[in-house]
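Chain by chain, the residues:
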Amino acid sequence: VMMAIWHRDQTGEGQKVEIGQAENASAMLAQAFMEYAINGVVPERRGNRSLYDFAPTGVYPCRSNGSAAENEDRWISISILSDRQWKALCEVMGNPKWATDPALSTNDGRLAAHDEIDAHLAEWTAGFDDYELFHRLQAAGIAAGPVLESSRVFDDAHVQARDLYQPQMLFDGSGPFRFNTPFIRFSETPTGVRQPPVALGEHNEYVYRELLGVDDAEYDRL
């Protein structure tokens with residue numbers, strides 16, 4: 001995009017820019033490409049485990065209001081990044097006997113016992129509301145957050161504070177529907193949603209007649 005703008009400024013001509021979905025998504029997989037290109041290792045499936053082998057890291061069930069088929073299951077993501085955070089988690093849990101094993105005081109020890117820790121954590125988290133536990137853990141300095149299916153995202157306090165969605169009416173008067181705003185905020189340049197998605201042919205009259213000055217006969221032909 002920047003090169004196309006530079007070219008336009010230099011020559012007055014526009015350019016066509018194409019990017020494939022696969023190429024765009026590949027930027028999110030840099031670690032996997034580098035692991036193979038540099039180390040000759042083919043990455044394997046990790047699930048919700050830490051890419052950097054911090055333990056425990058995962059997604060754990062919380063108190064549910066119903067079945068997953070009805071989008072009523074609840075989950076929380078927890079990531080322990082240091083021995084200090086592990087100690088804080090143990091304190092939040094009330095220092096259960098299983099968590100006092102000296103072998104779990106180091107990341108290597110926790111990594112070796114990851115499956116066992118996950119089972120205990122899942123049993124503990126299942127008794128809490130996801131947001132209640134989220135706030136308790138974050139207050140203790142532990143990286144955690146509720147896993148939200150899309151309909152719950154709109155009501156999240158942080159999402160609302162960031163103004164990540166704006167209501168817009170569609171061209172046919174239906175709505176309002178909430179659309180993503182730009183995730184980048186500038187100090188001197190307003191950002192937002194100027195209009196909802198454009199309908200097929202919605203701006204034909206404006207573009208052909210007003211901007212291009214096409215006469216009635218040519219407009220009808222087009």
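Residues numbered from 1 in each chain as written. Predicted model: local features only at pLDDT ≥ 70, side-chain atom pairs only at ≥ 80, totals over all residues. Heavy atoms only, no water.

**Some thoughts on the overall build of the chain**
Defined as follows: Each helix corresponds to a stretch of at least 4 residues labelled H or I by DSSP, and each strand to a stretch of at least 2 residues labelled E; elements are numbered beginning at the N terminus. It is over C-alpha atoms that the radius of gyration is taken, and the globule rule equals 2.2 Å times the number of residues to the power 0.38. Burial classes follow relative accessibility: with a 1.4 Å probe on protein chains only, a residue under 20% of its type's maximum area counts as buried, one over 50% as exposed, and anything between as partly exposed. Any two residues whose heavy atoms approach within 4.5 Å at even a single point are treated as in contact. Only the protein chains shown count as cover for residues, and the accessible areas themselves come from Shrake-Rupley with a 1.4 Å probe. For the purpose of charge, His is not counted, nor are the chain termini; Lys and Arg are scored as positive and Asp and Glu as negative. Where a charge lies is defined by one atom per residue type, namely NZ (Lys), CZ (Arg), CG (Asp) and CD (Glu).
Looking only at helices and strands, one finds 11 helices and five strands in the chain. Its C-alpha radius of gyration of 26 Å places the chain more than 25% over the 17 Å reference for a compact globule of 222 residues. Oriented by its inertia axes, the alpha-carbon framework of the chain measures out at about 85 × 45 × 40 Å. When burial is assessed residue by residue, the chain has 24% of its 222 residues classed as buried. If you take every contact in the chain between residues at least 6 apart in sequence, the share linking residues at least 24 apart comes to 44%. For the chain, the computed accessible surface area is about 15900 Å², with 54% contributed by carbon and sulfur atoms. Looking at charge distribution, the chain has the averaged site of its 19 positive side-chain charges lying 6 Å from that of its 34 negative ones.

**Quick word on the packing of aromatic side chains**
Selection rule: Paired rings are identified among Phe, Tyr and Trp, the last through its six-membered ring, by centres lying within 6.5 Å, and are further divided according to the angle between planes into stacked (under 30 degrees), edge-to-face (over 60) and tilted (the rest). We call a charge positioned above a ring when the Lys NZ or Arg CZ atom is no farther than 6 Å from the ring centre and deviates by at most 35 degrees from the ring normal.
Applying the stated criterion to the full structure yields five aromatic pairs. Taking NZ or CZ as reference, Arg 178 lies 4.0 Å from the ring centre of Phe 154, over its face. The ring of Tyr 219 has Arg 209 lying over it, and the distance from NZ or CZ to the ring centre is 4.1 Å.

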